[in-house]
Number of protein chains: 2
Amino acid sequence: MRDMTNPIQYDLLGIGNAIVDVLSMCEERTLTHLGLRKGGMALIDEARAEALYRQMGPATECSGGSAANTVAGLASLGGRAAFIGKVKNDQLGEIFRHDLRSLSVRFDTAAAATGPATARCLIFVTPDAQRTMNTFIGACAGVSEADIDEALIAAAAITYAEGYLWDTPSAKAAIDKALTAARRAKRATALTLSDTFCVERHRDTFIPLVRRTVDILFANEAEICALAQCNTLEDALGTVRGWCPIIAVTRSEKGCIVLSDQDRCEVAAEYVPNVIDTTGAGDLFASGFLYGISRGLTLPECARLGNRCAASIIQQMGARSQQGLATLAAA
Amino acid sequence: MRDMTNPIQYDLLGIGNAIVDVLSMCEERTLTHLGLRKGGMALIDEARAEALYRQMGPATECSGGSAANTVAGLASLGGRAAFIGKVKNDQLGEIFRHDLRSLSVRFDTAAAATGPATARCLIFVTPDAQRTMNTFIGACAGVSEADIDEALIAAAAITYAEGYLWDTPSAKAAIDKALTAARRAKRATALTLSDTFCVERHRDTFIPLVRRTVDILFANEAEICALAQCNTLEDALGTVRGWCPIIAVTRSEKGCIVLSDQDRCEVAAEYVPNVIDTTGAGDLFASGFLYGISRGLTLPECARLGNRCAASIIQQMGARSQQGLATLAAA
């Protein structure tokens, strides 16, 4: 329920890791040679990041970060958005800040003046368009409760967090504070499970969180199965149904399934003639879905817009739309 | 003539500005609003770079620089290449160095420890795929004669320079030293005229340089007209013919014309169904052309390979091939 004494200024506030992606196309054998788990996200230290980067081919840089991608997508659709996350005051940090602010996203979290550099994610994109991510979390580890502005949270209709945050102790404290503040302000909360290994690491935290605090849950097929500890999607959906008001499960080329207290809908994926890079597909699904929520669309309409945004982002390198998404919202 | 006492280790040594491109798509009206000359390259100071960046939409970063793009393209085709240019020891400088070295390009020029940051080029790409460039030259201005390794030049079959270098006094001294060293070592030299306004600024230097020192000249239609001070391409070609052994003139969708002492050939452009961004088209033409020279191809074959490389690069954002060019050399 919205508290009308404190007006809504933002459709969405995202809290997440502030990362610049470093993307490079590679052959399948490169993953094997470098010992990378295809399709996953691995946390790496700075030494490993430097070693991997030396092995990586020519790359392009593009702002990333799961929740940040979702916020950028929502803003590109025409929504009002804000972001909380930690960069360092270095060149990559300036790039990350620019790429949000240029979409009119409010992003005021102070940059770290000392400590590790702005986070980088080394992304290897194979010919099948699958992305394999290796994240040096860098300055992101410094985000803390002090960065959570409760007035900002109260001004946002939905506070959205990425599961990756639970990998970092001070970020975990920050997101706990943020979600508590959102509940207190009678705002909605949303969570993405991020990655199956992330779910394995934090299942004991995520299950009570989803059952008590989260209003909208995003997951892909593997992640929802990991959360529910089920072998099949239908078993997993049966298990989690009712845990929170809305559960959106993305299924790549099979589209998505949305569960609510009353309904279940399945929406087919958009046709994409040439998939280039799947980085950000789930993040951009969330952009479209949450934009739809902010505009009062029905759940099937929200799912369709989510699918359209996902279909758009996988036709380019990187998870920030080069063309803008405004035409999708109007379609 | 090659001096066989000093073996050739590199097919191409490029000397140019070491720049990271910052690319963003925009509408035509943005160029008007920001006072940008469409299709050109403007030199800007750091304050203007910051102001323009604030006005720019979400961007992607990709290594650039005209001669560096040509060197990267030649290496991607399978050639052996080296580069001389100046970055600062900052994050963008590391990106620039990585993107060359990951193609096995030798790039040993010491990074500046003090002074301005690594150069950036803010590139606005309009819906017609035209690029409008704004370059903050930053650390590039620090390249000097001390960075010219004469042994490296003697080890390269061709030393290739971009016209943009003549805009910076110490770079001009460096390139003079490099071209003199190349002649002394009996190696070939090549020059790209870079930009019509660049030709206007340096015509009095470029004409004697082309007539006395350069073996292979690259220009587009407008640049060769500017150099020759002619209104039509045919007049310009008539004027410059014989100024140097090989003159390759690129004409966008009309392909290219190559003049040699004996011959003139015209080669049609490749068909490109969807042009995304023309950044680097001329640079990549030079990659293919010079790779062909290094493999002993005929001039029409060199021109065809140049056209194929140009056609490839304009189907993506940025001037460094995301897919690699090796298949083009084999075709």
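That block above? That's the structure.
Residues numbered from 1 in each chain as written. Chains lettered and ligands numbered in written order. Predicted model: local features only at pLDDT ≥ 70, side-chain atom pairs only at ≥ 80, totals over all residues.

J.: Describe the overall build of chain A, naming the residues involved and giving the relevant values.
T.: The helix and strand tally for chain A stands at 12 helices and 13 strands. Relative to its length of 331 residues, chain A is compact, with a C-alpha radius of gyration of 18 Å against a globular reference of 20 Å. The dimensions of chain A, computed from C-alpha atoms along their principal axes, are 50 × 45 × 40 Å. For chain A, the proportion of its 331 residues judged to be buried stands at 56%. In chain A, the proportion of contacts linking residues at least 24 apart, taken out of those at least 6 apart, comes to 76%. (Helix = DSSP H or I, 4+ residues; strand = E, 2+ residues; numbered from the N terminus. Rg over C-alpha atoms; globule rule 2.2 N^0.38 Å. Buried ≥ 20, exposed ≤ 12 C-beta atoms within 10 Å, placed from the backbone. Contact = placed C-beta atoms within 7 Å.)

J.: Which residues make up the relation of the copies chain B and chain A, and what are the values?
T.: For the pair chain B and chain A, the superposition axis carries a translation of 0.0 Å, the fit reaches an RMSD of 0.0 Å, and the rotation angle comes to 180°. A rotation of that kind, with that shift, is consistent with a two-fold axis. Every residue of chain B has its C-alpha some distance from the rotation axis, and the shortest such distance is that of B:Glu61, at 2.4 Å. (Least-squares fit on C-alpha atoms with pLDDT ≥ 70 in both.)

J.: Could you give me a rundown of the interface of chain B and chain A, with the residues and numbers involved?
T.: Each side of the interface is counted separately: chain B has 23 residues, and chain A has 23 residues. Considering every element that reaches the side of chain B that touches chain A, the biggest residue donor is helix H4 (residues 91-101) of chain B, with 5 residues. Per-class residue counts for the side of chain B that touches chain A are 11 nonpolar, 8 polar and 4 charged. Here 3 bridges tie strand E4 (residues 60-63) of chain A to strand E4 (residues 60-63) of chain B, and the two strands are oriented antiparallel to one another. When the sheet's bridge partners are listed, A:Glu61 is paired in E4(B) with B:Glu61. (Nonpolar A, V, L, I, M, F, W, Y, C, P; charged D, E, K, R; others polar. Pairing = 2+ DSSP bridges.)

J.: Can you explain the sheet that holds strand E3 (residues 41-43) of chain A? Please cite residues and give values.
T.: The strand order across the open sheet built from 10 strands is E3(A)-E7(A)-E6(A)-E2(A)-E4(A)-E4(B)-E2(B)-E6(B)-E7(B)-E3(B), with neighbouring strands paired in mixed fashion. Each edge of the open sheet carries a strand with a single partner, namely E3 of chain A together with strand E3 (41-43) of chain B. Recorded for the sheet is a direction-independent mean angle of 25° between the axes of neighbouring strands. Pairing analysis gives 4 bridges linking strand E2 (residues 19-25) of chain A to E4(A), with the strands arranged antiparallel. Paired with A:Val20 across the two strands is A:Ser63, which belongs to E4(A). (Axes fitted to C-alpha atoms, helices over the stretch in contact; angles between N-to-C directions.)

J.: Describe in detail the sheet that holds strand E10 (residues 216-220) of chain A, supporting the description with residues and values.
T.: Residue and element names in this part refer to chain A. Read across the sheet, 8 strands follow the order E5-E1-E8-E9-E10-E11-E12-E13 without closing on themselves; strand pairing throughout is mixed. Where the open sheet ends on each side, the last strands, each with one partner, are strand E5 (81-84) and strand E13 (264-267). Sheet twist, expressed as the mean angle between neighbouring strand axes with direction ignored, is 15°. Relative to strand E8 (residues 158-162), strand E1 (residues 12-15) runs parallel, the two sharing 3 bridges. Directly across from Leu13, in E8, lies its bridge partner Thr159.

J.: Would you mind going over the environment of A:Cys225 in detail, with residue names and values included?
T.: Residue and element names in this part refer to chain A. Assignment of secondary structure puts Cys225 in helix H8 (residues 221-228). Taking the C-alpha atoms as reference points, Cys225 and Val240, 15 residues apart in sequence, are found 9.4 Å from one another. Cys225 has contacts with Cys230, Asn231, Leu233 and Ala236, leaving out every residue within four places of it along the chain.

J.: Could you give me a rundown of the pairing of E13(A), with the residues and numbers involved?
T.: Residue and element names in this part refer to chain A. Here strand E12 (residues 256-260) runs beside E13; their pairing, made up of 4 bridges, is antiparallel. What sits directly across from Cys256, in E13, is Val267. The hairpin formed by E12 and E13 contains 3 residues between the paired strands.

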